[in-house]
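The chain contents come next:
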Amino acid sequence: MKELLMFTVVKLNMSFIDTNTGIYLNEKGWTLIELLFVLAILSIVISGSFELFRWTYKNWQEFYNDSLTRQDAVRSIDWIKKNLREAIPLSDQPAIIYASENTLIFYSNTDADDEPEKVELILSGSNFLRKVYQPDGSTPPYTYTGSPATTTLTTFCRNNNQNPIFSYFASPSENLSSLPLSESERRKVRIVKINLRMDLDLNNPPSMQEFTSEVSLRNVK
Ligand SMILES: [Ca+2]
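Residues numbered from 1 in each chain as written. Predicted model: local features only at pLDDT ≥ 70, side-chain atom pairs only at ≥ 80, totals over all residues.

## What about the overall build of the chain?
Within the chain, the regular secondary structure consists of 3 helices and 11 strands. Helices and strands appear in the chain in the N-to-C order α-β-β-α-β-β-β-β-β-β-β-α-β-β. Per-residue burial for the chain yields a buried fraction of 18% across its 221 residues. Nonlocal contacts in the chain, meaning residues at least 24 apart in sequence, comprise 50% of its contacts between residues at least 6 apart. (Helix = DSSP H or I, 4+ residues; strand = E, 2+ residues; numbered from the N terminus. Buried ≥ 20, exposed ≤ 12 C-beta atoms within 10 Å, placed from the backbone. Contact = placed C-beta atoms within 7 Å.)

## Things to note about the environment of Asn65
Looking at the element boundaries, Asn65 is found in helix H2 (residues 32–85). Sequence separation between Asn65 and Asn204 is 139 residues; the distance between their C-alpha atoms is 9.7 Å. In contact with Asn65, not counting residues within four places along its chain, are Leu200, Asp201 and Pro206.

## Describing the nonpolar core
Ranked by internal contacts, the top residues of the largest apolar core, which has 26 residues, are Ala87, Ala99, Phe106 and Phe166. Looking at this core, the elements with two or more residues in it are H2, strand S3 (96–99), strand S4 (103–108), strand S5 (117–124), strand S8 (166–171) and strand S10 (191–198). Here this core gets 4 residues from one element, more than from any other, and that element is S10. Beyond its immediate sequence surroundings of up to four residues, Phe166 is in contact with Ala99, Glu101, Asn102, Leu104, Val192 and Ile194. (Core = buried A, V, L, I, M, F, W, Y, C linked by C-beta atoms within 7 Å.)

## A few points about the environment of Asn59
With respect to the helices, strands and loops of the structure, Asn59 is situated in helix H2. Between the alpha carbons of Asn59 and Pro205 there is a distance of 9.4 Å; along the sequence they are 146 residues apart.

## Description of the sheet that holds strand S7 (residues 149–154)
The strand order S3-S4-S5-S6-S7 describes an open sheet built from 5 strands, whose pairing is antiparallel. The open sheet has two edge strands with one neighbour each: S3 and S7. Pairwise comparison of adjacent strand axes, ignoring direction, gives a mean angle of 15° for this sheet. Relative to S5, S4 runs antiparallel, the two sharing 6 bridges. For Phe106, the partnering residue across the bridge sits in S5 and is Val119. H2 rests against S4, S5, strand S6 (127–133) and S7 of the sheet, and its axis sits at about 135° to S7. (Pairing = 2+ DSSP bridges. Axes fitted to C-alpha atoms, helices over the stretch in contact; angles between N-to-C directions.)

## A short note on unusual backbone geometry
When glycine is set aside, most residues are seen to have a negative phi, and most peptide bonds are trans. The peptide bond linking Pro140 to Pro141 adopts the cis configuration, its omega dihedral lying at 0°. Inspection of the secondary structure puts Pro141 in the loop between S6 and S7. Here the bond from Leu179 into Pro180 is cis, since omega is -5°, no more than 30 degrees from zero. Along the chain, Pro180 turns up in the loop between strand S9 (174–176) and helix H3 (183–188). A positive phi angle, near 40°, is found at Ser91, a position not held by glycine. Here Ser91 lies in the loop between H2 and S3. Ser91 sits in the exposed class, given 7 other C-beta atoms within 10 Å.

## Quick notes on the confidence of the model for the chain
Chain-level statistics for the chain give a pLDDT mean of 89 and a share of 88% at 70 or above. Every residue in residues 4–12 scores below 50 in pLDDT, and together they form 10 contacts with partners more than four places removed in sequence or on other chains. (pLDDT = per-residue confidence, 0-100.)

What follows is the structure, encoded as structure tokens:
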């Protein structure tokens, strides 16, 4: 052991004659301890760099998830408000066809023509979907038997019946809370409040975020 320790402190000397110049060279190399020291420093630098990379990546991922969440929430709420604002009664039927915690079906003119479409906003698992049915003909009474055009508003909506997306109001102070609403209550709805709970990855930050808004039905008197 003693010999081994002695060896580690002996410099690794290299002596030779330069064949071009004939000059005797004596270059001193590194001791084993110096080499080990350099290796130790290098490993610290490398593991530090790795930690820095991991930290940067984690922060970037959080920022990216947060951006996606906001983007989906804003887009979903925009669609809901745009369509719901134009909700319209259909002859003797109320504008709202079905109203529960996480499903809202209504008539609304969503495009440039004169006929009302049927719009379904449905939460299915964590997928929040918007389905638009075009009317079969261009004159009332309208029927909707075709296939809908479906848009996935978001795939990471975390609402449930305890934390509903929709709540319904006859006035700012009158909450219509027995869901799904009866026909007579559906006729009373003037304001719909929206509360989207969004979380792209339940197991990783950022945590659940809530986005709220409300819309007044302008065509329902
Ligand atoms: Ca239309």
